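Next come the chains, spelled out residue by residue.
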Amino acid sequence: KTYLENGGHLFVTTDLTVSTPNLDALLAEFGLSRTEGLVVEGDSSHSMNGYPTYLLPDYASAVESGVLDNVDKNRGVLLQMAQGIALTETEDVISEALLTTSAESYSKTAGYEMTTLTQEDGDPDGPFTLAVSITDSTAEGKIVWVASDYLLDDTYNSYSSGANLDLVMNGLSWMIGKNDAVSIRAKS
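Calculation criteria
- Residues numbered from 1 in each chain as written.
- Predicted model: local features only at pLDDT ≥ 70, side-chain atom pairs only at ≥ 80, totals over all residues.
- Heavy atoms only, no water.
- Salt bridge = Lys/Arg side-chain N within 4 Å of Asp/Glu carboxyl O.
- Helix = DSSP H or I, 4+ residues; strand = E, 2+ residues; numbered from the N terminus.
- Expected span 1.5 Å × (residues − 1).
- Buried < 20%, exposed > 50% of the residue type's maximum accessible area, 1.4 Å probe, protein only.
- Pairing = 2+ DSSP bridges.
- Core = buried A, V, L, I, M, F, W, Y, C linked by side-chain atoms within 4.5 Å.
- Contact = heavy atoms within 4.5 Å.
- Phe/Tyr/Trp six-rings, centres within 6.5 Å; stacked < 30°, edge-to-face > 60°.
- Lys NZ or Arg CZ within 6 Å of the ring centre and 35° of its normal.

Asker: Mind showing me how you'd approach the pattern of salt bridges here?
Answerer: Charged atoms that come close allow side chains of opposite charge to pair. For the structure on display, the rule yields 5 salt bridges. Put simply, Asp166 and Arg75 hold a salt bridge, and the shortest N to O gap is 2.2 Å. You can see Asp166 sitting in helix 4 (residues 163-176) and its partner Arg75 sitting in the loop between strand 6 (58-59) and strand 7 (79-80), a full 91 residues away along the chain. In the salt-bridge network here, residues are joined through shared partners; they are Lys108, Glu120 and Asp123.

In structure tokens:
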């Protein structure tokens, strides 16, 4: 908290199965919270074929922060087993959705204990924010939060043609005030 209050930057990925009460409390101070459950995509064009929890979210269209400025939006990010992020307007905090699901998505409140992928009573409707950028306008602290720790997994990055890594690199570049990010993919 002190680090962010003094202009520090934080890149966060989270996992539904890991309890992080201190991190959750910190993010809540910036108007961010996790939605309950695991996001399931009801629109097959927004998930990997036959895998509705392997999400292909849309890039947000009007991002003022510049996090997505150098991202090739023709290549989609792939997030597996993600949670939604709820944004609450908070004084002195500028928050922007970076990645969102379709309106046909929903969240399985049972999480990994679900017995069906079908939406049931009590499963909230989408769309959901899956990645967000935050700027503390008083302290200049910045946060990028992606609600899936599979973002950095080599397998999912290769499935996304490097879009996952590009999102990370652009997020880090934005936090340090650099306008361009270069990622060179390995070749076999």
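Asker: Please clarify how helix 4 should be interpreted in this entry.
Answerer: Three or four residues apart is the spacing at which side chains of an α-helix point the same way, because the helix has 3.6 residues per turn. Across its 14 residues, helix 4 extends 20 Å between first and last C-alpha, which sits within 8% of the 20 Å expected from 1.5 Å per residue. For helix 4, every residue scored as buried is listed here: Ala163, Asn164, Asp166, Leu167, Val168, Asn170, Gly171, Ser173, Trp174 and Met175. One or two residues past the end of helix 4 sits Gly177, with phi positive at roughly 85 degrees.

Asker: It is not clear to me how the sheet that holds strand 7 should be interpreted in this structure. Could you clarify?
Answerer: Two strands in a sheet stick together by hydrogen bonds in their backbones, pointing the same way (parallel) or opposite ways (antiparallel). Read across the sheet, 3 strands follow the order 4-5-7 without closing on themselves; strand pairing throughout is antiparallel. Of all strands in the sheet, those with a lone pairing partner are strand 4 (47-48) and strand 7, marking the two edges. Where strand 5 (residues 51-55) lies against strand 7, 2 bridges are found, and the strand directions are antiparallel. Paired with Tyr54 across the bridge in strand 7 is Gln80.

Asker: Is there a simple way to think about the nonpolar core in this case?
Answerer: When a protein is soluble and globular, its nonpolar side chains tend to lie buried together. If you look at the biggest cluster of nonpolar residues, it comprises 22 residues, and the most contacted ones within it are Val77, Leu79, Leu99 and Leu130. Put simply, the parts of the chain that give this core at least two residues each are strand 9 (93-100), strand 11 (129-136), strand 12 (142-146) and helix 4. Here this core gets 5 residues from one element, more than from any other, and that element is helix 4. Once residues lying within four places of it in the same chain are set aside, the contact partners of Val77 are Leu55, Leu56, Pro57, Tyr59, Leu99, Leu151, Ser160, Ala163, Asn164 and Leu167. Counting residues in hydrophobic clusters, the runner-up holds 13 residues, among them Leu4, Val12, Val93 and Ile134.

Asker: What is the right way to read the packing of aromatic side chains from this model?
Answerer: Each aromatic ring pair is described using two quantities: the centre-to-centre distance and the angle formed by the ring planes. Taken as a whole and judged by the stated rule, the model has 4 aromatic pairs. Judged by centre distance (5.4 Å) and plane angle (85 degrees), the rings of Tyr150 and Tyr156 are edge-to-face. Since its relative accessible area comes to 25%, Tyr150 is described here as partly exposed. When its relative accessible area of 10% is taken as the criterion, Tyr156 is described as buried. Site record: aromatic cluster; members linked through ring pairs are Tyr51, Tyr54, Tyr150, Tyr156 and Tyr159. Between the NZ or CZ atom of Lys142 and the centre of the ring of Trp174, over which it lies, the distance is 4.7 Å.

Asker: I would appreciate a short explanation of the pairing of strand 5 in the present structure.
Answerer: Every regular strand shows the same layout, with side chains that alternate between the two sheet faces. Both strand 4 and strand 5 contribute to a ladder of 2 bridges, which runs antiparallel. Residue pairing for strand 5: Met48 is matched across the bridge by Tyr51. The hairpin formed by strand 4 and strand 5 contains 2 residues between the paired strands, and Gly50 there has a positive phi angle of roughly 85 degrees.

Asker: In this structure, what is going on with the pairing of strand 9? I would like to understand it.
Answerer: Inspection of the sheet shows strand 6 paired to strand 9 by 2 bridges, in the antiparallel sense. Residue pairing for strand 9: Tyr59 is matched across the bridge by Leu99.

Shape descriptors only; they carry no functional weight alone.
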